[in-house]
Amino acid sequence: MPTVHTLGGAKDPDQLGRTLMHEHVFIQDTEIMANYPHLWDESAEIDNAVARLQALRDTGISAIADPTVLGLGRDIPRLLRVAARVPELTIIVATGLYTYRDVPLTLHHRGPGTTLGGEDPLIPLFLRDLTEGIADTGVRAAFLKCAADIHGLTPDVTRVLHAVIAAHHQTGAPITVHTSVTNNTPLEVQDLLKAEGVDLSRVVLGHVGDTTDLDLLKRLADNGSYLGMDRFGLDLAITAEQRIETVRALCAAGYAERMVLSQDSCSHIDWFPPGVKEQILPNWRYDYLSGTVIPTLLSQGVPQSDIDQMLITNPRDYFTPA
Ligand SMILES: [Zn+2]
């Protein structure tokens, strides 16, 4: 039986059901938290996360993939405390490193292109998470995550991509890359992955749903990757209506097999002062896709079979070992 590793142990990917492919729970700077614990109410934030994730589960979503990795404050023991109280929601976690430009200073003097050189120390860390478990939790990561954003493929961003590729080749774990449609990173990431022998059907190009450029999206999909239509409710660069219309048009053009849906939402993020996220982005929450986006797509003629393809079949296939 093929298995996908989750917070609750190994599962058959067929049992995932409706899966949101890019949702966070907690995003925070762990060093600031450790030094200024008065900024954070642990038990209240865990209660908040439990309530929000339970409300998401109540909308019929049965699994989320959480790409919170190094650089975003991954904390699997805390996530386990949340998951224990939302037992019917499957949570799939990732390994990797999130940076737009530089690797952390601890990696500056070792690894490829540095003074000491040698194998990238990131690779055995990623492999440990994927094959043994994260910290001492026994929870195994099921996918790899990295980022390329406003600074493009800087030397360190490229270095992380190469470490992700190495771990992918050794384990077969699928890859999610945070990309930016403000530049050419989606195509550049695809080119690099392809040149390094990665099967692009094992890759989600995160956040490409931030554009309405259908020609670009079709080109990226034709190259084989899943398009991350994964920021519904994050109404900054484009509106929800534009995101919905883009998915509708791509479904009509036969691209449901190459899209995954999500919101890139979170229960807590320390990138905004408390309360501001809810104020300026009221739709950026876990239940927006089920409550608004899916009903709108259906009302605009997208067939239920396309919705199921994007929410059930594509996530299942992504997490089914090649
Ligand atoms: Zn994200």
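Residues numbered from 1 in each chain as written. Predicted model: local features only at pLDDT ≥ 70, side-chain atom pairs only at ≥ 80, totals over all residues. Heavy atoms only, no water.

The name given to the protein in an unreviewed UniProt entry is Phosphotriesterase-related protein, with Crossiella cryophila as the source organism. Of the comments in the UniProt record for the protein, the one headed Sequence similarities (unreviewed entry) reads "Belongs to the metallo-dependent hydrolases superfamily. Phosphotriesterase family." (UniProt positions renumbered as here; feature names shortened; annotations may be inferred.)

S.K.: Is there a simple way to think about a nonpolar patch on the surface in this case?
M.R.: Together, I32, Y36 and L39 make up a nonpolar patch on the protein surface, roughly 310 Å² of accessible area in all. With a relative accessible area of 39%, I32 lands in the partly exposed category. (Patch = residues over 30% accessible without salt bridge, like charges linked within 9 Å, V, L, I, M, F, W, Y side chains within 5 Å. Areas by Shrake-Rupley, 256 points an atom, 1.4 Å probe, with all protein chains shown as cover. Salt bridge = Lys/Arg side-chain N within 4 Å of Asp/Glu carboxyl O. Buried < 20%, exposed > 50% of the residue type's maximum accessible area, 1.4 Å probe, protein only.)

S.K.: What should I look at first to understand the coordination of the zinc ion in this one?
M.R.: For a metal with four tetrahedral donors the ideal donor-metal-donor angle is 109.5 degrees, whereas six octahedral donors ideally subtend 90 or 180 degrees. At 2.1 to 2.2 Å from the zinc ion lie its protein donor atoms, namely H22 (NE2), H24 (NE2) and D264 (OD). All donors of the zinc ion belong to a single chain; written as a sequence motif, their spacing is H-x1-H-x239-D. Placement of H24 in the loop between β3 (19-20) and β4 (26-27) and of D264 in the loop between β11 (259-261) and β12 (268-269) is noted, with a sequence separation of 240 residues between them. On the accessibility criterion, H24 (3% relative accessible area) is buried. (Donors = N, O, S within 2.8 Å, 3.2 Å for Na, K, Ca; no water. Helix = DSSP H or I, 4+ residues; strand = E, 2+ residues; numbered from the N terminus.)

S.K.: In this structure, what is going on with the pairing of strand β6 (residues 90-96)? I would like to understand it.
M.R.: Working note: regular strand, side chains alternate between the two faces of the sheet. Counting buried residues along β6, seven of its seven residues qualify, which places the element largely inside the surrounding structure. Residues T90, I92, A94 and G96 line one face of β6 and the alternating positions I91, V93 and T95 line the opposite face, and both faces are buried. Strand direction decides the pairing type here: strand β5 (residues 63-66) and β6, joined by four bridges, are parallel. The residue bridging A65 from the neighbouring strand is I92, located in β6. Chirality of the crossover, the property in question, places the unit of β5, helix α3 (residues 76-83) and β6 among those that are right-handed. Sheet analysis places β6 next to strand β7 (residues 143-147), joined by three bridges and oriented parallel. Within the sheet, the bridge partner assigned to G96 lies in β7 and is K145. (Pairing = 2+ DSSP bridges. Right-handed = clockwise from strand over helix to strand, strands pointing away.)

S.K.: I'm lost on the packing of helix α8 (residues 240-252) against helix α10 (residues 288-299) in this one. Help?
M.R.: Each pair of packed helices gets described by two things: the angle between the helix axes and the distance between those axes. Orientation of α8 relative to α10, taken along the N-to-C sense of each, is 55 degrees, at an axis distance of 10 Å. In this view, α8 runs oblique relative to α10, as classed from their interaxial angle. In terms of crossing hand, the pair formed by α8 and α10 is right-handed. For the pair formed by α8 and α10, the contact residues are A240, I244, V247 and R248 on the first element and Y288, V293, T296 and L297 on the second. (Axes fitted to C-alpha atoms, helices over the stretch in contact; angles between N-to-C directions. Parallel < 35°, antiparallel > 145°, perpendicular 65-115°, else oblique. Left-handed = near helix turned anticlockwise from the far one by under 90°. Contact = heavy atoms within 4.5 Å.)

S.K.: Please explain the packing of aromatic side chains as it appears in this structure.
M.R.: The way to describe two aromatic rings as a pair is by their centre distance and the angle between their planes. Considering all chains together, one arrives at six aromatic pairs under this definition. Here the aromatic rings of F26 and W40 are separated by 5.7 Å at their centres, their planes lie at 85 degrees, and the arrangement is edge-to-face. With F26 in strand β4 and W40 in the loop between α1 (30-35) and α2 (42-58), this residue pair connects regions lying 14 residues apart in the sequence. Each member of the pair, F26 together with W40, is buried. Relative to F319, the ring of F143 lies with its centre 5.6 Å away and its plane at 80 degrees, an arrangement referred to as edge-to-face. Note that F143 is positioned in strand β7 and F319 in the segment after α11 (304-318), a separation of 176 residues in sequence. A relative accessible area of 1% places F143 in the buried class. (Phe/Tyr/Trp six-rings, centres within 6.5 Å; stacked < 30°, edge-to-face > 60°.)

S.K.: What's the story with the environment of W271 in this structure? I'm lost.
M.R.: Within the fold, W271 resides in the loop between β12 and α9 (276-280). Between the C-alpha atoms of W271 and D29, which are 242 residues apart in sequence, the distance is 8.9 Å.

S.K.: Mind showing me how you'd approach the packing of α2 against α3 here?
M.R.: In contact at an axis separation of 9 Å, α2 and α3 are set at 55 degrees when each is read in the N-to-C sense. The angle between α2 and α3 places the two elements in the oblique class. The handedness of the crossing between α2 and α3 comes out as right-handed. Contacts between α2 and α3 involve E42, I46, A49, V50 and L53 on the former and, on the latter, R78, R81 and V82. Residue composition of the contact of α2 with α3, grouped by class: five nonpolar, no polar and three charged. (Nonpolar A, V, L, I, M, F, W, Y, C, P; charged D, E, K, R; others polar.)

S.K.: Just checking my understanding: could you explain the side chain of H22 for this structure?
M.R.: Within the element layout of this structure, H22 appears in the loop between β3 and β4. Judged by its relative accessible area of 3%, H22 is buried. At a separation of 3.3 Å, a polar atom in the side chain of H22 contacts the side chain of H24. In this view, H22 contacts A65, P67, K145, T176, H207, D230, S262, Q263, D264 and S265; residues no more than four positions away in its chain are not counted. (Polar contact = N/O pair within 3.5 Å; in protein donor to acceptor, adjacent residues only side chain to side chain.)

S.K.: In this structure, what is going on with the UniProt feature "binding site: Zn(2+) 2" (unreviewed entry) in the protein? I would like to understand it.
M.R.: Here the UniProt feature "binding site: Zn(2+) 2" (unreviewed entry) sits at K145, H178 and H207. A stretch of 63 residues holds the annotated residues, and the largest C-alpha distance among them is 12.8 Å, short enough that they meet in one place. Residues that both appear in the annotated list above and line the largest pocket are K145, H178 and H207. Mapping K145 onto the fold places it in strand β7. The class of K145 is buried, set by a relative accessible area of 1%. A polar contact is formed between the side chain of K145 and the backbone oxygen of P67, at a distance of 3.1 Å. Separated by 2.6 Å, the side chains of H178 and D149 make a polar contact. (1 Å grid on protein atoms, 1.4 Å probe; cavity = no way out; pocket = protein on both sides within 12 Å on 5 of 7 lines; lining within 4 Å.)

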